[in-house]
Amino acid sequence: MTAIKTREPAAESSGPAARAELPRLGWRGGLRYLWTQLTSMRTALILLFALALAAIPGSLVPQRRISPVRVSDFINERPTLGPIYDKIGLFNVYSSPWFAAIYLLLFVSLIGCIVPRVAVYAKALRARPPKTPRNLVRLPAYARADISSGNHDVLERAADSLRRRHYRVDTHTDSVAAERGYLREAGNLVFHISLVFVLIGVAIGVLFGFRGTSVVIVGQGFSNNLTQYDDFSAGARFKETDLAPFSVTVKDFEVRFETGPVQRGAARLFRANVEVTDRPGAAPRQEVLEVNKPLHIAGTTVHLIGHGYAPKVTVKDAQGNVAFSGPVVMLPQDGNFTSLGAVKAPDARPERLAFEALFLPTAVLNDQGPQSIFPDALNPALFANVWYGPPKVETGKPENVYSLDTAGLSQLKQSDGQPVRIALKVGDGVNLPDGKGSIQLDGWVRWVKLQIGDTPGVPISLVALAFAVAGLCLSLFVRPRRVWIRVRDGEADHKVLEVGALDRADARAGLTDDVAELAAELSHTPEDVSAT
Amino acid sequence: MRYEYYSNVALVSSVVVYALAMFAHAAEWAAARRVSVAGETEPELVDVAAEDRHAKPSTMRPEPVEGRQQADPGTSPASSARVEQFGRMGVALTIIGFLLSVAGVLLRALAAHRAPWGNMFEFTITAMVLIVGVYLILLWRTGMRWLGLPVTLLAAVGNGLAVTVFYVAVAPLVPALHSVWFLIHIVAAAISGAAFNVGGVMSILYLIKKRAEDRGDVRGYLERLPSSRKIDLIAYRFLAFAFPLWTFTVAAGAIWAEYAWGRYWGWDPKETWALVTWVIYAGYLHARSTAGWRGTRAAVIAIIGLTSFWFNFVGINLLVSGLHSYAGI
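What you see is a predicted model, and the numbers here were worked out from it, not measured in a lab. (Residues numbered from 1 in each chain as written. Chains lettered and ligands numbered in written order. Predicted model: local features only at pLDDT ≥ 70, side-chain atom pairs only at ≥ 80, totals over all residues.)

Asks: Looking at this structure, how should I read helix 8 (residues 183-208) of chain A?
Replies: Because each turn of an α-helix spans 3.6 residues, side chains separated by three or four positions end up pointing in the same direction. All names here are of chain A. For helix 8, spanning 26 residues, the distance from its first C-alpha to its last is 36 Å, which sits close to the expected 38 Å at 1.5 Å a residue. Among the residues of helix 8, those classed as buried are Arg184, Glu185, Gly187, Asn188, Leu189, Phe191, His192, Ser194, Leu195, Val198, Gly201 and Gly205. The inward-facing, buried residues of helix 8 contact helix 6 (97-126) and helix 9 (458-477). (Helix = DSSP H or I, 4+ residues; strand = E, 2+ residues; numbered from the N terminus. Expected span 1.5 Å × (residues − 1). Buried ≥ 20, exposed ≤ 12 C-beta atoms within 10 Å, placed from the backbone. Contact = placed C-beta atoms within 7 Å.)

Asks: Looking at this structure, I do not really get the domain arrangement of chain A. What am I missing?
Replies: Interface size is often expressed as the accessible area that is lost when the parts come together. When its domains are assigned, chain A resolves into domain 1 (10-124), domain 2 (128-181 + 479-523), domain 3 (206-307 + 451-467) and domain 4 (309-445). Of note, the centres of domain 2 of chain A and domain 4 of chain A, computed from C-alpha atoms alone, are 89 Å apart. (Domains from an automatic or database assignment.)

Asks: Hey, could you run me through the sheet that holds strand 1 (residues 141-147) of chain A in this one?
Replies: The strands that make up a sheet pair up through hydrogen bonds in the backbone, lying either parallel or antiparallel. All names here are of chain A. Strand order in the open sheet formed by 5 strands is 1-24-23-3-2, with antiparallel pairing between adjacent strands. Edge positions in the sheet fall to strand 1 and strand 2 (168-171), since each of these pairs with one other strand and no more. Each strand axis lies, on average, 15° off the axis of its neighbour in the sheet, ignoring direction. Along the sheet face, helix 10 (residues 511-523) touches strand 1 and strand 24 (495-503) and points at about 15° away from the line of strand 1. (Pairing = 2+ DSSP bridges. Axes fitted to C-alpha atoms, helices over the stretch in contact; angles between N-to-C directions.)

Asks: Is there a simple way to think about the packing of helix 4 (residues 120-142) of chain B against helix 5 (residues 148-164) of chain B in this case?
Replies: Helix-helix packing is characterised by the crossing angle of the two axes and by the distance between the axes. All names here are of chain B. At their nearest, the axes of helix 4 and helix 5 sit 9 Å apart, and the two run at 165° to each other. Put simply, helix 4 runs roughly antiparallel to helix 5. Helix-helix and strand crossings are classified by hand; for helix 4 and helix 5 the assignment is left-handed. On helix 5, the residues that touch Phe121, Thr124, Ile125, Met128, Ile131, Val132 and Tyr135 of helix 4 are Val151, Leu154, Ala155, Gly158, Asn159, Leu161 and Ala162. Split by residue class, the contact of helix 4 with helix 5 holds 11 nonpolar, 3 polar and no charged. (Parallel < 35°, antiparallel > 145°, perpendicular 65-115°, else oblique. Left-handed = near helix turned anticlockwise from the far one by under 90°. Nonpolar A, V, L, I, M, F, W, Y, C, P; charged D, E, K, R; others polar.)

Asks: Where do I start with the interface of chain B and chain A in this structure?
Replies: At the interface, 54 residues of chain B touch 59 residues of chain A. Contributing elements (two or more residues each) for the side of chain B that touches chain A: helix 2 (50-55), helix 8 (228-260) and helix 9 (269-288) of chain B. A total of 13 residues in the side of chain B that touches chain A trace back to one element, the largest contributor, which is helix 9 of chain B.

Asks: Would you mind showing me how to read the pairing of strand 4 (residues 210-217) of chain A here?
Replies: Residue and element names in this part refer to chain A. Bridging between strand 4 and strand 6 (residues 231-234) involves 4 bridges; their strand directions are antiparallel. Counterpart to Thr213 in the pairing with strand 6 is Asp231. As paired elements, strand 4 and strand 22 (residues 437-454) share 8 bridges and run antiparallel to each other. Counted as the bridge partner of Ile217 is Trp447 from strand 22.

Asks: Looking at this structure, how should I read the sheet that holds strand 9 (residues 285-290) of chain A?
Replies: All names here are of chain A. An order of 5-7-8-9 is seen for the 4 strands of this open sheet, with the pairing classed as antiparallel. Both edges of this open sheet fall to strand 5 (221-223) and strand 9, since each of them pairs with a single strand only. Between one strand axis and the next, the sheet turns by 30° as a mean value, whatever way the strands run. Here 10 bridges tie strand 7 (residues 247-257) to strand 8 (residues 267-277), and the two strands are oriented antiparallel to one another. When the sheet's bridge partners are listed, Val255 is paired in strand 8 with Phe270.

Asks: Hey, could you run me through unusual backbone geometry in this one?
Replies: Here the residue pair Arg349 of chain A and Pro350 of chain A is connected by a cis peptide bond, since its omega of 0° sits within 30 degrees of zero. Relative to the helices and strands, Pro350 of chain A is located in the loop between strand 14 (339-345) and strand 15 (352-360). Positive phi, normally seen in glycine, also occurs at Ala298 of chain A, with a value near 50°. Structurally, Ala298 of chain A can be placed in the loop between strand 10 (295-297) and strand 11 (300-316). Residues other than glycine seldom take positive phi values, yet His113 of chain B does so here, at roughly 60°. Relative to the helices and strands, His113 of chain B resides in the loop between helix 3 (77-112) and helix 4. The class of His113 of chain B is exposed, set by 9 C-beta atoms lying within 10 Å.

Asks: Got a minute to help me understand the environment of Trp261 of chain B in this structure?
Replies: The residue Trp261 of chain B is located in the loop between helix 8 and helix 9 in this model. Expressed as a C-alpha distance, the spacing of Trp261 of chain B and Ala176 of chain B, which sit 85 residues apart in the sequence, is 8.3 Å.

Asks: Sorry if this is basic, but what is going on with the nonpolar core here?
Replies: Nonpolar side chains in soluble globular proteins generally cluster together in the buried interior. Within the largest apolar cluster, 174 residues are counted, with the highest numbers of intra-cluster contacts made by Val343 of chain A together with Ile131 and Leu239 of chain B. No other element matches the 21 residues that helix 8 of chain B contributes to this core. Core analysis: the second largest hydrophobic core is formed by 29 residues, Ala141, Ile485, Leu497 and Leu511 of chain A among them. (Core = buried A, V, L, I, M, F, W, Y, C linked by C-beta atoms within 7 Å.)

Asks: What exactly am I supposed to notice about the domain arrangement of chain B here?
Replies: Residues and elements named next belong to chain B. The domain architecture assigned to chain B consists of domain 1 (1-57 + 82-172) and domain 2 (176-329). If you look at the interface, domain 1 gives 28 residues, while domain 2 gives 26 residues. Only helix 1 (2-32), helix 4 and helix 5 provide two or more residues apiece to the side of domain 1 that touches domain 2. At 7 residues, the largest contribution of residues to the side of domain 1 that touches domain 2 is made by helix 4. Residue composition of the side of domain 1 that touches domain 2, grouped by class: 22 nonpolar, 4 polar and 2 charged.

Below you can see the structure in the form of structure tokens.
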């Protein structure tokens, strides 16, 4: 910051000297030398640029935390480069040790710079304006005016006038010394200290916070315990008992898409009507959950961050018994909600059945096969391949519900050896060849993806940010200035009023004008107004 | 639909008019090569920094404009009048272009029934209105016509890119943009972006002027620029204005992200580059108060900062997929 006092140019002045004396200084001197180096402005500058540079690769190389799929694609496409990138943490830039090293060093340097300056500023707060210099004419702005000898109280008026302009004023026998703009350094310090608090807020959020997502089929509910999350991450100090025991039922979900010629298919409305029960036994309340309008339940925030389709399917086995019936959540692959998933009927007998399925909300068949051409469900259809195999022993091992592990299964084929391909519209059902069973598309429902989380440090960071911006404005826009006014004897019985001033920060306009104006105001007879 | 059509007509015309204004200013620069500014007075823009004067009392006097002494006695009043003529022409054209682009933005808002900041195209045309508006105010208040050429160039290129590359037809907003932070975040971004751009242009002019001064070879148009020290100060004022506002822009974006996406910071490419830009300008402000970094180095940092701002705006939207790409482009 362009502060009144800039950081010591330690690297320049004390650097070589310290180096020459290093053998005599011992390890303490060495440490002190290192500390001076670290807290010098030059190091701060270098660290700032290092931070800017280090942040860049994370925006160009896919990041594991944001899109793990793209990271694995990246590694597969580049067999040599990928593992090297992985090793040096380019897929996790913002949690990598070298990135942390830069910003931690920067904050250490910042603290090391601020603490002494706070002490200096504490003294400056009580400091009086410096004594009037002998030669006011040597100051950057200077004005002079003759005043009549009867004008006795000119110094008092000068002091009053300056006090009105928020100067700190000292009256001496023949002069007035004044200074203003102490808030500049205060703003500067507030800004830098606030940055530390922003980081503290972030750290609290990382340590104590948690965030997870859960896919909830419309009509069903979510209750806040770990088993209900699809993915979950929490800070080191988070405890499972921190989860508030609320539950949310998604009553219905409205979606609207652009049907006009411009941006056809773009989302226009997402709105979920939900029923919230704050804790077991509490009376449920109705709420509306929208993008940009999260729910706050018992200190936890619930966001609506995604949606998709779940076709309702009934699978019957070879014996005619229902082996599976219900909605199957499928994952959207593109903007038109081409959705991929797996229908599994492990209880089908004598052989279990499974389907690799594609749900298309607005299906068309063209050269490239079945495709969805609009995100809303205008012409929904389900396409599937069929797999069968001997019943599997229940292992209790979790498996991916969205994809089919074909180990131990064989694909159902027609007599000509081609795989059986099923295409179903809502209400359609087909019998599988060889009497393997049947599958029917009963309908479809939507699902919503809820993000449930709590980031406890946010209020700290937010308040700190507000202080940071306010401090920044003070440190950039407050303009410290010193003004001295002296009355001395002139020719005959006349007296001469001298006004001298200097600005202590860059980018201040009008110093000369202000000084001339002050001289004129005090003398009422401006005589010689020079900018010198 | 009609509003949209007229908006496009106005914007395309503004590109043409800005381009003409740029040619007029270029002609002004070219004509000025043969004319010395002897006798003309330079408007007082900013005080030369106090500390510098304090340190070196000898520089307290108003600086003589370099080159004045070498005034060519053979300069004809006719060529001087031509400089003036081209300059006025440039300003007149700039005003027409400005009115056209204001009309373009307003009609766009009418066509869309909302604030016209929903996509890159709309953001660019708004930012260009701000940039040219700031320039016209400066011109009116302080007579900075020397900014004409770079500003009209920027406006012609900016609006030109907008109507060709960034153009998207009027459409409503996606749900993620339905928020009061849409207005706050984007207005702050547009204003600070405009100030970064003006500051960056100043920094480029500073480097050019400084080089000429160091060589002792200030001729032609460069003579008409204020001293490099003054350009540096004006650049600083713009960037010092833009920086807190940019801080606010990023903070407002974080607050909005917390509402819309459920996390205040997710290292989305746009967020990352906003931070990179912020850090670079923080470096600029620090450099200005560090011995050995003032002047040329600080100006280079300011230009790097502007580059990063533009990359964040154009490059990230077009090259990298992230959460900020939502409006077709």
